[in-house]
Amino acid sequence: MIHSEGRFSDRLYRSTHEVWERSHRHPFLIEMREGTLDPGRFIYYLKQDYVYLIDYAKMFAIGGLKSPDLETMVKFAELFHSTLNVEMELHRQYAERFGVTREELEKTRPSPTTVAYTKYMLDAAQGSLAEVVASLLPCMWSYREIGTAFAKFPGALDHPLFKEWILMYSSEEFGALTDWCIGLMDRLAEGLPERELIRLEEHFATTSKLEYLFWDMAYRQEEWPI
């Protein structure tokens, strides 16, 4: 991704660069990239990510509801469809390989971290369209970065378990949708007062940190303590 100076997305990217770097260095992602990740950790991640994506899709539905024009609404509808029928279908196919049914996926009990992440986003989505986008963007953007980096890593695409995941998030289609969301963030931020930009930056920073916590949660296979 080439960032041009002066865009609000550049400011967001710079402000969370350290958090993203920590995510990229997390053992879950390093082991996944190298093909050594314990399948038990991966299936835990898939199940939690599946219930996360149900709420994440709602963010695109809310985006469509708040859209100022038909063109934006159509794009959010495409993102909504892509999440429910492409991204989640990949999870369903993976789960089948582990003997986990679609019903079991949907009945997954969200972990504390998953609850915190989805609740934060859906609460933020009660605000402006800019707040919706700032909150949902770190997930798409960081996954595109991770997928693209993995696809270039020697041998990563040879791994029989993780290949499809890497192909999904390094794909041109996923990249194009991510770029559209980044561009929308820049357009929505134009002309906003600094106090509102700071609020958007806080949303972006918080969900970036929750992305890190999600990887960490999956590696630990977090459960409710009581």
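Just so it is clear, the model here is predicted, and its values are computed rather than measured.

Colleague: Describe helix α5 (residues 70–97), with residues and values.
Modeller: The end-to-end C-alpha separation of α5 is 40 Å, in line with the 40 Å expected for 28 residues at 1.5 Å each. Ser82 marks where α5 bends most, by close to 35 degrees. All of the buried residues along α5 are Thr72, Phe76, Leu79, Ser82, Thr83, Glu87, Met88, Leu90, His91, Arg92, Tyr94 and Ala95. Buried residues in α5 make contact with α4 (39–66), α6 (102–106), α8 (129–152), α9 (163–169) and α10 (172–189). The backbone nitrogen of Glu71 has a side-chain oxygen 3.3 Å away, supplied by the residue at the start of α5, namely Asp69. A positive phi of about 75 degrees marks Gly99, the residue just after α5.

Colleague: Tell me about the layout of surface pockets, residues and numbers included.
Modeller: In this model, the largest pocket occupies a volume close to 150 Å³. The greatest single-element share of the lining of the largest pocket, amounting to three residues, is contributed by α4. Of the residues in the lining of the largest pocket, the class split is three nonpolar, three polar and four charged.

Colleague: Outline unusual backbone geometry, supporting the account with residue identities and numerical values.
Modeller: Peptide bonds are mostly trans, and most non-glycine residues show a negative phi. The backbone of Gln221 shows a phi angle near 55 degrees, a positive value even though the residue is not glycine. Inspection of the secondary structure puts Gln221 in the segment after α11 (194–220). Residue classification places Gln221 among the partly exposed positions, given a relative accessible area of 33%.

Colleague: Lay out the state of the cysteines with the relevant residues and their values.
Modeller: Per the counting criterion, the structure on display carries zero disulfides. Of all cysteine sulfurs, the one in Cys181 lies closest to Cys139, which takes part in no disulfide; the gap is 11 Å. On the accessibility criterion, Cys139 (6% relative accessible area) is buried.

Colleague: Hey, could you go over empty space enclosed by the protein for me, with residue numbers and the actual values?
Modeller: Taken as a whole, this structure holds one cavity of 30 Å³ or more when the rule is applied. The computed volume of the largest cavity comes to approximately 80 Å³. Every residue along the wall of the largest cavity is listed here: Tyr56, Phe60, Leu79, Ser82, Thr83, Glu87, Cys139, Met140, Phe174 and Leu177. If you list the elements that add at least two residues to the lining of the largest cavity, you get α4, α5, α8 and α10. The dominant element in the lining of the largest cavity, judged by the number of residues it contributes, is α5, at four residues.

Colleague: For the pattern of salt bridges, give the residues involved together with the corresponding values.
Modeller: Evaluated as defined, the whole model comprises 14 salt bridges. Members of the salt-bridge network, linked through shared partners, are Arg11, Glu194 and Glu201.

Colleague: How would you sum up the side chain of Glu222? Please name residues and give values.
Modeller: By secondary structure assignment, the location of Glu222 is in the segment after α11. Under the relative-accessibility criterion, Glu222 is labelled buried at 12%. The contact partners of Glu222, leaving out residues within four places of it in the chain, are Tyr44, Ser111, Pro112, Thr113 and Met217.

Colleague: Account for a nonpolar patch on the surface, with residues named and values stated.
Modeller: Together, Leu70, Met73 and Val74 line one region of the surface with nonpolar side chains, adding up to about 290 Å² of accessible area. Its place among the elements puts Met73 in helix α5. Its relative accessible area of 39% is what places Met73 among the partly exposed residues.

The rules behind the values
- Residues numbered from 1 in each chain as written.
- Predicted model: local features only at pLDDT ≥ 70, side-chain atom pairs only at ≥ 80, totals over all residues.
- Heavy atoms only, no water.
- Helix = DSSP H or I, 4+ residues; strand = E, 2+ residues; numbered from the N terminus.
- Expected span 1.5 Å × (residues − 1).
- Bend = angle between axes of the 7 residues up to and from the residue.
- Buried < 20%, exposed > 50% of the residue type's maximum accessible area, 1.4 Å probe, protein only.
- Contact = heavy atoms within 4.5 Å.
- Polar contact = N/O pair within 3.5 Å; in protein donor to acceptor, adjacent residues only side chain to side chain.
- 1 Å grid on protein atoms, 1.4 Å probe; cavity = no way out; pocket = protein on both sides within 12 Å on 5 of 7 lines; lining within 4 Å.
- Points joined across faces, edges and corners; volume = space filled by probe spheres on them.
- Nonpolar A, V, L, I, M, F, W, Y, C, P; charged D, E, K, R; others polar.
- Disulfide = S-S within 2.5 Å.
- Salt bridge = Lys/Arg side-chain N within 4 Å of Asp/Glu carboxyl O.
- Patch = residues over 30% accessible without salt bridge, like charges linked within 9 Å, V, L, I, M, F, W, Y side chains within 5 Å.
- Areas by Shrake-Rupley, 256 points an atom, 1.4 Å probe, with all protein chains shown as cover.

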